[in-house]
Amino acid sequence: MKRIIYFLFLFVYGCANMIAPSGGLKDESPPNLTKVSPSNYQKNSQLKSIAFIFDENIAENNLKQKIFSSPPLEKITHKINGNKLELFLEYDKFKEATYHLNFNSGIKDINEGNITSELDYVFSTYNTIDTLSFSGRVVDAFSGLNTENVWLLLYETTINDTLVFDKKPFYISKSDSIGDFSFNNLKNLDYNLFALNGNDLQYSAGEKIGFNKKPISSLKNNSTIYLFDPYFNFDSIKIENNLKIDSVSKTGNLLINLKKAEPVIILLYKNDEVMYLRSFNDSICRINNISTGEYSVKIIIDTNNNQKWDNGNFKKKENPEKSYIYNEKINIRENWDLNIDCEINGD
């Protein structure tokens, strides 16, 4: 009898320490499109609605704010039911063009929130699917940083510049997280390119703008457009060629090799605060007696050599002076000469 009780005790104790099975691997796959109706690349179609079927239930990821059409439509609305997305399209007027619907990561799965990043739809209102493209990058002219969520606008060259931002562009695009943009399905024409960082396609005071001085072609790629605030004034940070150095500070020196001589302004930042400003007109720029520590380096191409950054002028079609950020922070060490190469393009 004692043996039987001992055996039962071991059995119950062992069961109490068993580990429940896990729920399996986490789903990290985004929803996959299994069917679209009408099918992609329709011709001679002014579509009013499109249905997208996915392999799992979906939800919107700020779809209303993210989705856009190029050329722009009057209105895009949507409805989601389970694994089905329906789009409803409204036109302001008929245009013979190839329309490109960009979902801009606006769809995710309903359980894990995995985002579908590559999803678009193309159709044409006439008998051709246009296939030409144009791409580039948006850079903030003063900070030198690549800029995301900026509207890029293409207008036919027949449109007067004074009507820009008041009239709908022919094509639109938006810069991504690293400042890159692309226009797809373009007609073979020349266009004027503009940029705007507002929420819509209309300019409001305080927003930044940009433009290409010359018309661009859909047969040419890789253009950089510089964004600027027309009302920003840099005069308040006029350069002083005197560095205020604490006599007891530990210091080092910086030598920047620009490869070629041209007028530049060099700024050293620490925690987003300008610590040093110097103007140069040489290929080798030397700054002595810099307090030790870590700095960011910005170089402004001082095109007119007036020792300050000059803003752009939209009416005169004058672009702002360009700025460049050195690709990593520098570390100034005591009694040490730091040499860095920084090849820039002032054209």
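All values derive from a computational prediction rather than experimental measurement.

The rules behind each value
- Residues numbered from 1 in each chain as written.
- Predicted model: local features only at pLDDT ≥ 70, side-chain atom pairs only at ≥ 80, totals over all residues.
- Heavy atoms only, no water.
- pLDDT = per-residue confidence, 0-100.
- Contact = heavy atoms within 4.5 Å.
- Salt bridge = Lys/Arg side-chain N within 4 Å of Asp/Glu carboxyl O.
- Helix = DSSP H or I, 4+ residues; strand = E, 2+ residues; numbered from the N terminus.
- Buried < 20%, exposed > 50% of the residue type's maximum accessible area, 1.4 Å probe, protein only.
- Pairing = 2+ DSSP bridges.
- Axes fitted to C-alpha atoms, helices over the stretch in contact; angles between N-to-C directions.
- Lys, Arg positive; Asp, Glu negative; His and termini not counted.
- Polar contact = N/O pair within 3.5 Å; in protein donor to acceptor, adjacent residues only side chain to side chain.
- Core = buried A, V, L, I, M, F, W, Y, C linked by side-chain atoms within 4.5 Å.

(A) Up close: the confidence of the model for the chain. Mean pLDDT over the chain: 86, with 86% of residues reaching 70 or higher. Taken together, the stretch residues 1-20 has pLDDT below 50 and engages in 0 contacts with residues farther than four places along the chain or on a different chain.

(B) Looking closely at the pattern of salt bridges. According to the stated counting rule, one finds 6 salt bridges in the structure shown. When the shortest N-O distance is used, the salt bridge between Asp 180 and Arg 137 registers 2.6 Å. Taken together, the residues Asp 180 in strand β14 (residues 180-186) and Arg 137 in strand β11 (residues 132-140) connect sequence positions 43 residues apart. The class of Asp 180 is partly exposed, set by a relative accessible area of 24%.

(C) Broad picture of the sheet that holds strand β3 (residues 58-60). Spatial ordering of the open sheet is given by β3-β8-β9, a layout of 3 strands whose pairing is antiparallel. The sheet is open, and its two edges are formed by β3 and β9 (115-116), each paired on a single side. Taken together, the 2 bridges between strand β8 (residues 107-109) and β9 define a ladder with antiparallel strand orientation. What sits directly across from Lys 108, in β9, is Ile 115.

(D) Fine view of the sheet that holds β11. Spatial strand order, β14-β11-β18: 3 strands in an open sheet with mixed pairing. Either end of the sheet is taken by a strand with one partner, and the two such strands are β14 and β18 (223-227). Neighbour-to-neighbour, the strand axes of this sheet turn through a mean angle of 30°, independent of strand direction. Taken together, the 5 bridges between β11 and β18 define a ladder with parallel strand orientation. Along β18, the bridge assignment pairs Val 139 with Tyr 226.

(E) Just the side chain of Asp 109, in detail. Here Asp 109 lies in strand β8. In this structure, Asp 109 is buried with no salt-bridge partner, the nearest side chain bearing the opposite charge being Lys 108 at 8.2 Å. A polar contact of 3.1 Å, which involves the side chain of Asp 109, links it to the backbone nitrogen of Asn 111. Among the polar contacts made by the side chain of Asp 109, one reaches the main-chain amide nitrogen of Gly 113 at a distance of 2.9 Å. Once residues within four sequence positions are removed from consideration, Asp 109 is found in contact with Asp 27, Ser 29, Pro 31, Glu 56, Asn 57, Ile 58, Ala 59 and Asn 114.

(F) Representation of the nonpolar core within the structure. Counting 48 residues, the largest nonpolar core has Leu 254, Ile 256, Val 264, Ile 266, Ile 299 and Ile 330 as the members making the most contacts within it. Sorting the residues of this core by element identifies β12 (151-156), β15 (190-196), β16 (209-211), β19 (251-270), β20 (273-291), β21 (293-301), β23 (330-332) and β24 (337-341) as the ones contributing at least two each. Counting residues per element, this core draws most heavily on β19, which supplies 9 residues. Apart from residues lying up to four places away in sequence, Ile 330 is in contact with Leu 254, Gly 293, Glu 294, Tyr 295, Val 297, Leu 338 and Ile 340. By size, the runner-up hydrophobic cluster in this structure holds 37 residues, among which are Ile 67, Tyr 121, Phe 170 and Leu 193.

(G) Unusual backbone geometry, seen in detail. Cis peptide bonds are those with omega within 30 degrees of zero, and the linkage from Ser 37 to Pro 38 qualifies with -5°. For Pro 38, the location among the structural elements is in the loop between β1 (33-37) and β2 (49-54). Pro 71 follows Ser 70 through a cis peptide bond whose omega is 0°. Here Pro 71 shows up in the loop between β4 (68-70) and β5 (75-81). A positive phi is found at Gln 307, a non-glycine position, where the angle reads about 60°. When you line up the elements, Gln 307 lands in the loop between β21 and β22 (323-325). Within the chain, Lys 317 stands out as a residue other than glycine whose phi angle is a positive 55°. Positionally, Lys 317 belongs in the loop between β21 and β22. For Lys 317, a relative accessible area of 17% puts it in the buried group.

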